[in-house]
Amino acid sequence: MENELFLGNQKTHEPQPFITLTQSLSTPLLFHEIQDEPTTPSRPPGPSNTRFKKPGTLHRSKTAPAMVVMREFQPAKPQIPKPQSESNSIIRQAIFLLSLYLLLGVVIYSFNTDHFSGTETHPVVDALYFCIVTMCTIGYGDIAPLTPVTKVFACVFVLVGFGFIDILLSGLVNYVLDLQESMILTGIEMSKNRNREGFSAADYIIDVKKGRMRIRLKVGLALGVVILCIGIGTLVLYFLEDLDWIDSVYLAVMSVTTVGYGDRAFKTLPGRLFAAIWLLVSTLAVARAFLYLAEARIDKRHRRISNWVLHRDITVEDLLAADMNNNGFISKSEYVIYKLKEMGKIGEKDVLQICNQFSKLDPNNLGKITLPDLLGHRL
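Counting restarts for each chain: residues are numbered from 1 in the order of the written sequence. Given that this is a predicted model, residues contribute local features only at a pLDDT of at least 70 and side-chain atom pairs are listed and counted only at 80 or more, while totals for whole chains, interfaces and linings are drawn from all residues. Only hydrogens and water are set aside; all other atoms, that is, all heavy atoms of the structure, feed into the side-chain values.

Engineer: Would you mind going over a positive patch on the surface with me for this structure?
Structural biologist: On the surface, Arg 216, Arg 297, Lys 300, Arg 301 and Arg 304 cluster together into a patch of positive charge. Secondary structure elements follow DSSP: runs of H or I of four or more residues count as helices, runs of E of two or more count as strands, with numbering from the N terminus. A per-element tally of the positive patch places helix H8 (residues 269–311) first, with 4 residues. Under the scheme applied here, a residue whose accessible area is under 20% of the maximum for its type counts as buried, over 50% as exposed, and between as partly exposed, the area being computed with a 1.4 Å probe on protein chains only. Classification of Arg 297 as exposed rests on a relative accessible area of 65%. Patch building starts from residues that exceed 30% relative accessible area and form no salt bridge, then joins like charges within 9 Å and nonpolar side chains (Val, Leu, Ile, Met, Phe, Trp, Tyr) within 5 Å. Methods summary: accessible areas were calculated by the Shrake-Rupley approach with a probe of 1.4 Å, and residue burial reflects only the protein chains presented. When a carboxyl oxygen of Asp or Glu lies within 4 Å of a side-chain nitrogen of Lys or Arg, that pair is called a salt bridge. In this count, Lys and Arg are taken as positive residues and Asp and Glu as negative ones, while His and the chain termini are left out. For charged residues, the charge sits on one atom: NZ in Lys, CZ in Arg, CG in Asp, CD in Glu.

Engineer: How should I be thinking about H8 in this particular structure?
Structural biologist: Within an α-helix, residues lying three or four positions from one another point in the same direction, as the helix has 3.6 residues per turn. Multiplying 1.5 Å by the residue count of a helix minus one yields the expected span of that helix. With 43 residues, H8 should reach 63 Å at 1.5 Å per residue; the first-to-last C-alpha distance of 63 Å fits that figure. Throughout this description, a polar contact denotes any pair of N or O atoms lying within 3.5 Å of each other; where both atoms belong to protein, one of them has to be capable of donating a hydrogen while the other can accept it, and for residues adjacent in sequence the pair is counted only when both atoms sit in side chains. Its side-chain oxygen placed 3.2 Å from the backbone nitrogen of Gly 271, Thr 268 serves as the N-cap of H8.

Engineer: Any chance you could explain the environment of Leu 146 here in plain terms?
Structural biologist: Topologically, Leu 146 is positioned in the loop between strand S2 (144–145) and helix H4 (148–194). A sequence separation of 32 residues divides Leu 146 from Asp 114, and the C-alpha atoms of the two residues are 8.8 Å apart.

Engineer: Explain the packing of helix H6 (residues 215–240) against H8 here, please?
Structural biologist: To characterise two packed helices, one gives the angle between the axes of the helices and the distance between these axes. To get an axis, a line is fitted to the C-alpha atoms, and for a helix only the part in contact is used. The angle between two axes follows their N-to-C directions and goes from 0 to 180 degrees. Contact geometry for H6 and H8: axes closest at 8 Å, N-to-C directions at 160 degrees. Considered as vectors, H6 and H8 are oriented roughly antiparallel to each other. Seen along the crossing, H6 lies across H8 with a hand that is left-handed. In this classification, Asp, Glu, Lys and Arg are treated as charged, Ala, Val, Leu, Ile, Met, Phe, Trp, Tyr, Cys and Pro as nonpolar, and every other residue, Gly included, as polar. For the contact of H6 with H8, the class distribution of residues is 19 nonpolar, 3 polar and 5 charged. For this classification, under 35 degrees means roughly parallel, over 145 means roughly antiparallel, 65 to 115 means roughly perpendicular, and everything else is oblique. Rotating anticlockwise by less than a right angle from the far helix to the near helix defines a left-handed crossing, while the corresponding clockwise rotation defines a right-handed one.

Engineer: What exactly am I supposed to notice about the nonpolar core here?
Structural biologist: Side chains that are nonpolar tend, in soluble globular proteins, to be buried together. Definition used in this section: a nonpolar core is a set of buried Ala, Val, Leu, Ile, Met, Phe, Trp, Tyr and Cys residues joined via side-chain atoms within 4.5 Å. Counting residues in hydrophobic clusters, the biggest one holds 44 residues, and the most contacted among them are Tyr 129, Ile 132, Met 135, Tyr 140, Phe 266, Trp 278 and Leu 279. Of all the secondary-structure elements, those providing two or more residues to this core are helix H2 (87–110), helix H3 (123–135), H4, H6, helix H7 (245–256) and H8. By residue number, the principal contributor to this core is H8, which donates 10 residues.

Engineer: Looking at this structure, I do not really get the packing of aromatic side chains. What am I missing?
Structural biologist: Aromatic ring pairs are defined here through the distance separating the ring centres and the angle between the ring planes. Stacked, edge-to-face and tilted labels apply to pairs of Phe, Tyr and Trp rings (six-membered ring for Trp) whose centres lie within 6.5 Å, assigned for plane angles under 30 degrees, over 60, and everything in between, in that order. All told, the structure shown has 12 aromatic pairs when counted by the stated rule. Aromatic side chains Tyr 101 and Phe 157 sit 4.2 Å apart centroid to centroid with 15 degrees between the ring planes, which places their arrangement in the stacked category. Here the residue Tyr 101 occupies a position in helix H2, and Phe 157 occupies one in helix H4, the gap between them amounting to 56 residues. When the centroid spacing of 5.2 Å and the interplanar angle of 65 degrees are considered together, the rings of Phe 116 and Phe 130 count as edge-to-face. Placement of the pair is Phe 116 in strand S1 (residues 116–117) and Phe 130 in helix H3, with a sequence separation of 14 residues. Residue classification places Phe 116 among the buried residues on the basis of a relative accessible area of 6%. Take Phe 130: its relative accessible area is 7%, and that puts it in the buried class. Connected via pairs of aromatic rings, a cluster forms that spans Tyr 129, Tyr 140, Phe 266, Phe 274 and Trp 278. Each ring is checked for a lysine NZ or an arginine CZ that lies within 6 Å of its centre and within 35 degrees of its normal; such an atom marks a charge sitting over the ring. Over the face of the ring belonging to Trp 308 we find Arg 312, whose NZ or CZ atom lies 5.0 Å from the ring centre.

Engineer: Help me out: how do you make sense of the packing of H6 against H7 in this one?
Structural biologist: One way to put it is that H6 packs onto H7 with a least axis distance of 8 Å and a crossing angle of 130 degrees. As summarised for this structure, H6 and H7 are arranged oblique, according to the angle between their axes. H7 is crossed by H6, and the crossing has right-handed handedness. On H7, the residues touching Ile 230, Gly 233, Thr 234, Leu 235, Leu 237 and Tyr 238 of H6 are Trp 245, Ser 248, Val 249, Leu 251, Ala 252, Val 253 and Val 256. Here the residues of the contact of H6 with H7 sort into 10 nonpolar, 3 polar and no charged. Whether two residues are in contact is decided by their heavy atoms: any pair within 4.5 Å suffices.

Engineer: Would you mind going over the environment of Leu 243 with me for this structure?
Structural biologist: With respect to the secondary-structure elements, Leu 243 resides in the loop between H6 and H7. A residue is classified by how much of its surface remains accessible, and Leu 243, at 17% relative accessible area, is buried. In this structure the C-alpha to C-alpha distance between Leu 243 and Arg 264, which are 21 residues apart in sequence, comes to 9.7 Å. Those residues in contact with Leu 243, other than ones at most four positions away along the chain, are Leu 237, Tyr 238, Ser 248, Leu 251 and Arg 264.

Engineer: Looking at this structure, I do not really get the pattern of salt bridges. What am I missing?
Structural biologist: Charged atoms that come close allow side chains of opposite charge to pair. Evaluation of the coordinates by the stated rule reveals 8 salt bridges. Between Asp 142 and Arg 272 there is a salt bridge, and its shortest N-O distance comes to 3.7 Å. Here Asp 142, found in the loop between H3 and S2, pairs with Arg 272, found in helix H8; they are 130 residues apart in sequence, far enough to count as distant. Here Arg 303 makes a salt bridge to Asp 299, at a shortest N to O gap of 2.3 Å. Taken together, the residues span about one helical turn, with Arg 303 and Asp 299 both in helix H8 at a distance of 4 residues. Since its relative accessible area comes to 36%, Arg 303 is described here as partly exposed. Each of Arg 312, Asp 318, Lys 339 and Glu 342 takes part in salt bridges that share partners, so that together they form one network.

This is the structure:
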């Protein structure tokens, strides 16, 4: 019986004050702090044998069960790996699919230039410009399809481009902005370590409770990027497209917001080359800025609801609703679950899924998970 997992009904020998785990067990101990006592020459029986022991050595009581972990007791099913971040894969997919999308559009447009209306500069540049304007859903109208075939192509190209830019490129922008946020937080943390005393701007930048930048600062950074994109577009339009300042600002704003009335557009070769890159970046930056604005509103509403839930008094109706076991009182865990449900952090479906998982690990319905249940479940 020495290879059993739990040793019970052990035979008692002469009373000894300490019993150590011997090396007869071929498997490692569960607690690495418990080490075998080094063998020493036997001493004559006397009180010194029971009073003086080598300090720093842990011993197991003779009434405690031997807790060993057998190497052959491995889980029958492999553990589900923790989901990892897919940022790198999203970037690779975005670059590959964007290149494929633009290449296909350029090839189709280049072989059908006579079937499109508009001012021509260079076939490849015009094709790239047309693809970017279509994908960003701006619709200047300076280049438009004329034949039924090119119109069908434009419809498919718009739908595919709209879904593509919404799913993949938005994920790419999120990764870039999150990386920028992480770099800012790291720099602030390093500056705080160098200067721990006195006032620091990090108190207004970092939300310590959530471990991230404050949402208002993120909105400010996003709006700053939008203004920067509009400013760069205005300067390029003024110098390359020969527009006045009002028309340059007007076209830049209409472009980054994807309105595109069609009364103004890029007509020169350098302007269209610039637009192929600038429109792609600026439209995504504007979309992200408005998303941060919506997130700020939602975050403010969540804070207001959380404060109301935490500071209001509990009523009899709350007690009856929180009493999941129907025993006339609520425990601490029931109270926590009820408050989290009120805040909208979790739902009834989440609680039921966790309870079902607990029931699988507690086959005897004892209301607790013991070591025999856990090891028996993994065998």
